[in-house]
Amino acid sequence: MKIQYDPNGKQPQSRLLAKTLKGILNVSLVAVISATLFTALPATGIGFKSPLFQPGQNTGESFGSETPVVTLRVGLVVGHWGHDVGAICPESLGGFREVDINYTIADLTRQYLQSEGVNVDLLKEFDEQLTGYKGDALISIHADTCEYIPELGTGYKIAEAVDNKRPEQAARLMACLNNRYGSITGLRYDHRITPDMTSYHAFSEVDPNTPAVIIETGYMNQDRELLTKNPSLVARGITAGIMCYLNREEISPE
Ligand SMILES: [Zn+2]
């Protein structure tokens with residue numbers, strides 16, 4: 001985790017310009033989405049008929065005899081991508097860099113979600129698209145330190161955006177991820193959530209209606225085997241958690 005962002009760096013100017021452009025893009029994007037959702041036209045080109053339930057869009061209204069055309073969209077932030085390398089393992093432990101682990105896991109998750117018919121945006125740590133990001137969910141993927149922690153240096157952590165305007169959705173996204181990720185990877189849940197997770201920068205950047213969570217997929221020291229040799233299992237766990245949320249699947253108690 002641990003991200004240092006230099007506010008005096010050269011990013012703000014380009015970010016401001018991008019923000020303006022993004023605003024224009026957002027307006028047209030909203031128009032496209034609104035048209036897709038409310039006209040219930042048969043899907044052509046960009047849309048498709050999804051059997052999936054759209055959280056928050058279920059107004060219970062009927063759109064005539066047509067099935068509403070719904071396109072689900074999920075943002076995946078590749079922790080540290082485009083910014084720094086994150087945690088690093090010493091050469092004696094393989095020299096792994098957190099950003100590479102995060103990228104492999106996020107890219108596999110993207111593929112699995114797309115095969116479920118979900119649109120996915122793979123985003124950099126400080127991606128300009130994060131400003132006002134509108135989606136059904138945003139998940140930031142990180143991994144924990146490679147330092148050796150004698151006791152309990154294993155497990156995954158999840159934190160949610162607390163200022164979200166749809167706290168019940170964010171809580172459900174977190175519960176789904178927690179349940180599915182834990183059961184698929186077999187990792188224990190680590191309750192030691194740090195302030196850099198709860199005050200994660202992207203939480204205040206995305207649209208407040210987009211439920212957002214950050215996951216630390218495991219420790220690069222003691223969970224290294226899973227993270228580096230079996231990233232597909234890690235990605236399956238994240239995908240199952242997201243699909244549980246999107247499909248409103250039941251969460252069985254652990
Ligand atoms: Zn990280």
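Cut-offs used in this document
- Every residue gets a number counted from 1 within its own chain, in the order that chain's sequence is written.
- The model is predicted, so local features are restricted to residues of pLDDT at least 70 and side-chain atom pairs to those at 80 or more, both for listing and for counting; the totals for chains, interfaces and linings are taken over all residues.
- Each side-chain value is derived from all of the structure's non-hydrogen atoms; neither hydrogens nor water enter the calculation.
- Strand pairing requires that DSSP identify at least two bridges connecting the strands.
- Secondary structure elements are taken from DSSP: a helix is a run of H or I of four residues or more, a strand is a run of E of two residues or more, and numbering for both begins at the N terminus.
- Only C-alpha atoms enter the line fits that serve as axes; for helices the fit covers just the stretch in contact. Angles between N-to-C directions range over 0 to 180 degrees.
- Between two residues, a contact is recorded if the distance between any of their heavy atoms is within 4.5 Å.
- Remark: nonpolar core denotes a set of buried residues (Ala, Val, Leu, Ile, Met, Phe, Trp, Tyr, Cys) joined through side-chain atoms within 4.5 Å.
- Think of it in three bands: residues with accessible area under 20% of the maximum for their type are buried, residues over 50% are exposed, and the middle band is partly exposed, with areas taken using a 1.4 Å probe on protein chains only.
- A score from 0 to 100, pLDDT tells how confident the predictor is in each residue.
- The disulfide definition used here is simple: a pair of cysteine sulfur atoms within 2.5 Å.
- The crossing is said to be left-handed when, going from far helix to near helix, the turn is anticlockwise and less than a right angle, and right-handed when the turn is clockwise.
- Polarity classes work like this: nonpolar for Ala, Val, Leu, Ile, Met, Phe, Trp, Tyr, Cys and Pro, charged for Asp, Glu, Lys and Arg, and polar for all others, with Gly in that last group.

Visitor: Any chance you could explain the sheet that holds strand β5 (residues 212-219) here in plain terms?
Guide: Within a sheet, adjacent strands bond to each other through the backbone by hydrogen bonds, running parallel or antiparallel. The strand order β2-β1-β3-β5-β4 describes an open sheet built from five strands, whose pairing is mixed. Each edge of the sheet is formed by a strand with only one pairing partner; in this case those strands are β2 (119-123) and β4 (157-160). On average, each strand axis in the sheet is tilted by 20 degrees relative to the strand beside it, whichever way the strands run. Inspection of the sheet shows strand β3 (residues 137-144) paired to β5 by six bridges, in the parallel sense. Each residue of the ladder has a partner; that of isoleucine 141, found in β5, is isoleucine 215. The strands that helix α3 (residues 167-185) touches are β3, β4 and β5; relative to β4, the one it contacts most, it runs at about 170 degrees.

Visitor: So what exactly am I meant to see when it comes to the nonpolar core here?
Guide: The nonpolar side chains of a soluble globular protein tend to be buried with one another. One finds Val74, Leu76 and Ile139 to be the most contacted residues of the largest nonpolar core, which totals 40 residues. Counting residues per element, the ones that place at least two in this core are β1 (73-78), α2 (98-115), β2, β3, α3, β5, α5 (224-229) and α6 (231-246). The dominant element in this core, judged by the number of residues it contributes, is α6, at seven residues. Those residues in contact with isoleucine 139 that sit more than four places away from it in its chain are Val74, Gly75, Leu76, Val77, Leu177, Val213, Ile215 and Ile242. Leu138, Ala159, Ala202 and Ile214 belong to the second-largest nonpolar core, a separate cluster that totals 14 residues.

Visitor: What is the right way to read the confidence of the model for the protein from this model?
Guide: When pLDDT is low, close inspection of the predicted coordinates is not appropriate. Averaged over all residues, the pLDDT of the protein equals 82, while 72% of them reach at least 70. Note that residues 25-63 has pLDDT below 50 and, in this model, 54 contacts with residues that lie over four places away or in other chains.

Visitor: What is the right way to read the pairing of β3 from this model?
Guide: Look at any regular strand and the pattern is simple: side chains alternate between the two faces of the sheet. Burial runs high along β3: eight of the eight residues are buried. Residues of β3 alternate between two faces, with Ala137, Ile139, Ile141 and Ala143 on one and Leu138, Ser140, His142 and Asp144 on the opposite face, all of them buried. Note: β1 against β3, five bridges, orientation parallel. Residue pairing across strands places glycine 75 opposite leucine 138, the latter belonging to β3.

Visitor: Help me out: how do you make sense of the state of the cysteines in this one?
Guide: Should the sulfur atoms of two cysteines be covalently bonded, the bond is a disulfide. Inspection of the entire model under this criterion finds two disulfides. Linked covalently through their sulfurs, cysteine 89 and cysteine 146 form a disulfide whose S-S length is 2.1 Å. Negative torsions about the S-S bond denote left-handed disulfides, and the value of about 100 degrees found for cysteine 89 with cysteine 146 makes this one right-handed. Here the residue cysteine 89 occupies a position in the loop between β1 and α2, and cysteine 146 occupies one in the loop between β3 and β4, the gap between them amounting to 57 residues. The pair cysteine 89 / cysteine 146 is uniform in exposure class, with both members buried. For the protein, the bonded cysteines connect in the pattern 1-2, 3-4 when numbered consecutively along the sequence.

Visitor: Even after reading the chapter, I still don't get the packing of α3 against α6, so can you show me in this structure?
Guide: The relative placement of two packed helices comes down to the angle between their axes together with the axis-to-axis distance. Orientation of α3 relative to α6, taken along the N-to-C sense of each, is 145 degrees, at an axis distance of 7 Å. Of the two elements, α3 crosses α6, and the hand of that crossing is right-handed. Facing Gln169, Arg172, Leu173, Cys176, Leu177, Arg180, Tyr181, Ile184 and Thr185 of α3, the residues of α6 in contact are Leu233, Val234, Arg236, Gly237, Ile238, Ala240, Gly241, Cys244 and Tyr245. Residue composition of the contact of α3 with α6, by class: eleven nonpolar, four polar and three charged.

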